[in-house]
Amino acid sequence: MLSYAEFYRRSIEQPEAFWDEQARLIDWHTPYTQVLDYSRAPFTHWYAGGTTNLCHNAVDRHLKDRADQNALIWVSTEVDREVTYTYAQLHTEVQKMAAVLKAQGVGKGDRVLIYMPMIPEAAFAMLACVRIGAIHSVVFGGFASVSLASRIDDAQPKVIVSADAGSRGGKVVPYKGLLDEAINLAQSKPSKVLMVNRGLAEMPMTAGRDEDYALLAAGLAGVAVPCEWVEAAHPSYTLYTSGTTGRPKGVQRDTGGYMVNVAASMKHIFMCNPGETYFSTSDIGWVVGHSYIIYGPLLNGMATIMYEGLPIRPDAGIWWSLVEKYKVTAMFSAPTAVRVLKKQDPAYLSKYDLSSLRALFLSGEPLDEPTAQWISDALKRPIIDNYWQTETGAPVLTIANGVEQKASKFGSPGIPMYGFNVKLFNESTGEELTGANEKGVVAIEGPLPPGFMQTVWRDDARYVNTYWKSIPGRQVYSTFDWGIRDQDGYYFILGRTDDVINVAGHRLGTREIEESISSHAQVAEVAVVGVADQLKGQVAMAFAVLKDPSKAATPNDALKLEGEIMKVVDEQLGAVARPARVRFVTLLPKTRSGKLLRRAIQAVCEGRDPGDLTTIEDPTALQQVKDLVQGS
Ligand code: AMP
């Protein structure tokens, strides 16, 4: 057996031979003629000339051996239901959805926006889209109308698939009103809206545009919709993510390369076998949900658990009871969820038989050592941190125990994964940092492996300018994360270099939140920063300058206005983006050239030294922030 070091070296030195071998994990309709066409660097075209289909590989090809095995296990502790679908049943449901989409005029290359809670129809819709060559764009159900409208305008979907409502902590979260508002705001209107009625909330229908999915699907039980064979580079989906500017980027992913990388990760990283059960607690609105609730487990012929609910409801044993019941072999969650569980009675962890579980994988935000240690002691299983991004599609830093067993180092997500030529660079000189424990920007040298984002949806220039031109003198992909590498080659991630914050594993752009707050009539100017938080990793803090400062003259007035501003953010972006506090100042700390000193504000909020302030225009501005923070 190859050591991981040899496996990795081969992936970097002979990427074509390496990825040619991995490509055997999936079915090709017609073989590719070239493993990698890199003639348009930094754009990669993996498996050029090959045709395939993501739904065929995730569903149809398993029918031969596992038609009666579980494919999708839906568990909702919100509505107290549990429904399982075998591969044969999933095949039927996906074809029904595909037939409905086709009847609405959706064809190859058309976009379908999916704005749904964690219900089976969301999975059917994703799989149905890729079955017919349509491009899905799932928008996290926690986003509200303005966030949704900007994504509708960028994706220009022909059809939107949605539902009457989600539910969180037993509380119904209606979707339809937000969706209608978003469509009103958007320039680009969908021709049809397919609604799944869960019977949870009002679902006013717009005649001629809105259709009840159940009515359209009734009677389609035996319908056959063949897979559309698409070129490997045909986009399978776009997924919006935040960056430095207020405008979210549509991360575009191919079909063939994505399938190969995700399938390979199931074997090399997650150590999973067909017929087993995988449980990712993420949401389909995030990349982890795409790769590890839907595509990875299904490509690998596994059953996947789709969970709607909280980790502590009806009690903190719910997830472990599912591990026992469905003999889960790999579980994937986020550090915030573990920190939530850590506050509960540890007895819940010893109540269930967890002997099937090989490892717990955690991702999405930094995993602090005490949290890792706590869950490791409680589960007595490997706890495997993994670092990646919406852009990368699969883990970049972790350990590949499916290739060679290695120990984790708590605090570090691990070492570079096969295919990722990870390097550190000085952000101002572009010098490569090769020594141990030097801090730099984590970057990846091309060619990027299969499954990485292809481009920014309809904006190649933005892809190149954003990701490939940020390190002086280098044509490398920047992750916009700070990192160091220790003497053993393990990386440590030290936070973002840009204005992106990470709240409970949710990636948010501070600019988006600032734009939303600024839309309040009283706000003249605002700065939003991410501040360290014990439970959520980071929370957003806002400091606003009012047009008329007398509006927040008394503590009561200030509180009232703070509540109003939070409501604006809730309504426009969604509660995920709501700042923990909105405080009022009379001016913001800026340099003499007018640049906002976010890092200094953040440092003060975290009780750290704000560093060099020689360029500050007016030091009293930072003092105001300090007084508010110390006074609270
Ligand atoms: P997203 O695109 O939403 O997956 O967010 C990606 C960002 O989350 C990365 O750029 C990191 O800042 C952060 N991140 C993800 N996983 C980890 C991890 N295991 N450790 C530290 N930070 C992480």
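Higher on the page you've got the structure.
Below you will find a few notes about this structure. The model shown is predicted, which means the values in this text are computed figures rather than measured ones. (Residues numbered from 1 in each chain as written. Predicted model: local features only at pLDDT ≥ 70, side-chain atom pairs only at ≥ 80, totals over all residues. Heavy atoms only, no water.)

Counting secondary structure elements, the protein contains 20 helices and 32 strands. Over its C-alpha trace the protein gives a radius of gyration of 24 Å, about what one expects of a compact globule, namely 26 Å for 632 residues. Projecting the C-alpha coordinates of the protein onto the three principal axes gives extents of approximately 70 × 60 × 55 Å. Across the 632 residues that make up the protein, the buried fraction comes to 60%. Sequence-distant contacts, at least 24 apart, represent 70% of the contacts inside the protein between residues at least 6 apart. Separation of charge centres in the protein, based on 63 positive and 71 negative side chains, amounts to 1 Å. (Helix = DSSP H or I, 4+ residues; strand = E, 2+ residues; numbered from the N terminus. Rg over C-alpha atoms; globule rule 2.2 N^0.38 Å. Buried < 20%, exposed > 50% of the residue type's maximum accessible area, 1.4 Å probe, protein only. Contact = heavy atoms within 4.5 Å. Lys, Arg positive; Asp, Glu negative; His and termini not counted. Charge placed at Lys NZ, Arg CZ, Asp CG, Glu CD.)

Of all 8 residues making up helix H13 (residues 335-342), 7 are buried, and the element is well covered by its neighbours. Three or more residues of H13 are buried, namely Pro335, Thr336, Ala337, Val338, Arg339, Val340 and Leu341. In this structure, the buried side of H13 is in contact with helix H12 (318-326), strand S18 (328-333), strand S19 (359-363), helix H15 (369-379) and strand S31 (537-546).

Next up on the list: the nonpolar core. Formed by 119 residues in total, the largest nonpolar core has its most connected members in Tyr47, Leu101, Leu127, Tyr292 and Tyr295. With 9 residues, helix H6 (residues 120-131) is the largest single contributor of residues to this core. Contacts of tyrosine 295, omitting those with residues within four sequence positions, involve Leu54, Met126, Leu127, Val130, His136, Tyr237, Tyr258, Val262 and His290. Counting residues in hydrophobic clusters, the runner-up holds 41 residues, among them Leu179, Val193, Ala540 and Met566. (Core = buried A, V, L, I, M, F, W, Y, C linked by side-chain atoms within 4.5 Å.)

On inspection of all chains with the given rule, the structure shows 37 aromatic pairs. Their ring planes at 70° and their centres at 6.4 Å tell us that tryptophan 19 and tryptophan 46 sit as a pair that is edge-to-face. With tryptophan 19 in helix H2 (residues 15-22) and tryptophan 46 in strand S2 (residues 45-48), the pair connects residues that are 27 residues apart, well separated along the chain. Tryptophan 46 gets classed as buried once you look at its relative accessible area, which sits at 3%. Considering the side-chain rings of tryptophan 19 and tyrosine 418, the 5.9 Å spacing of their centres and the 50° angle between planes classify their relative orientation as tilted. Remark: tyrosine 418 occurs in the loop between strand S22 (415-416) and strand S23 (421-425) and tryptophan 19 occurs in helix H2; sequence separation between them is 399 residues. (Phe/Tyr/Trp six-rings, centres within 6.5 Å; stacked < 30°, edge-to-face > 60°.)

Glancing now at the sheet that holds strand S32 (residues 581-585). Taken in spatial order, the 3 strands of this open sheet run S30-S31-S32, and their pairing is mixed. In this open sheet, the two edge strands, each paired with only one partner strand, are strand S30 (523-533) and S32. On average, each strand axis in the sheet is inclined to that of its neighbour by 25°, with strand direction left out of account. Sheet topology places S30 next to S31; 10 bridges connect them, and they run antiparallel. In the strand pairing of S31, aspartate 533 is matched with glycine 537. In the packing of helix H20 (residues 619-631) onto the sheet, the strands contacted are S31 and S32, and the crossing angle to S32 comes to about 135°. (Pairing = 2+ DSSP bridges. Axes fitted to C-alpha atoms, helices over the stretch in contact; angles between N-to-C directions.)

Take the site of the ligand next. In the region of the ligand, 15 residues are neighbours, and Asp385, Thr390, Asp481, Arg496 and Arg507 sit closest. One of the backbone nitrogen or oxygen atoms of asparagine 386 is found 2.9 Å away from a nitrogen atom of the ligand. Protein burial of the ligand: of its 490 Å² of free accessible surface, 93% is covered by the chains. Residue composition of the shell around the ligand, by class: 4 nonpolar, 6 polar and 5 charged. (Near = heavy atom within 4 Å. Polar contact = N/O pair within 3.5 Å; in protein donor to acceptor, adjacent residues only side chain to side chain. Areas by Shrake-Rupley, 256 points an atom, 1.4 Å probe, with all protein chains shown as cover. Nonpolar A, V, L, I, M, F, W, Y, C, P; charged D, E, K, R; others polar.)

Across the sheet, which stays open at both edges, the 4 strands sit in the order S23-S24-S26-S27 with antiparallel pairing between neighbours. Two strands bound the open sheet, and with one partner strand each, they are S23 and strand S27 (491-496). If you compare each strand with its neighbour and ignore which way they point, the axes differ by 45° on average. The pairing of strand S26 (residues 477-485) with S27 spans 4 bridges and is classified as antiparallel. Bridge pairing in S27 places glycine 483 opposite isoleucine 493.

Counted according to the given criterion, the structure contains 30 salt bridges. Between aspartate 460 and arginine 40 there is a salt bridge, and its shortest N-O distance comes to 3.3 Å. Of this pair, aspartate 460 sits in helix H16 (residues 460-467) while arginine 40 sits in the loop between strand S1 (34-37) and S2, and the two are 420 residues apart along the sequence. A relative accessible area of 34% means that aspartate 460 is categorised as partly exposed. (Salt bridge = Lys/Arg side-chain N within 4 Å of Asp/Glu carboxyl O.)

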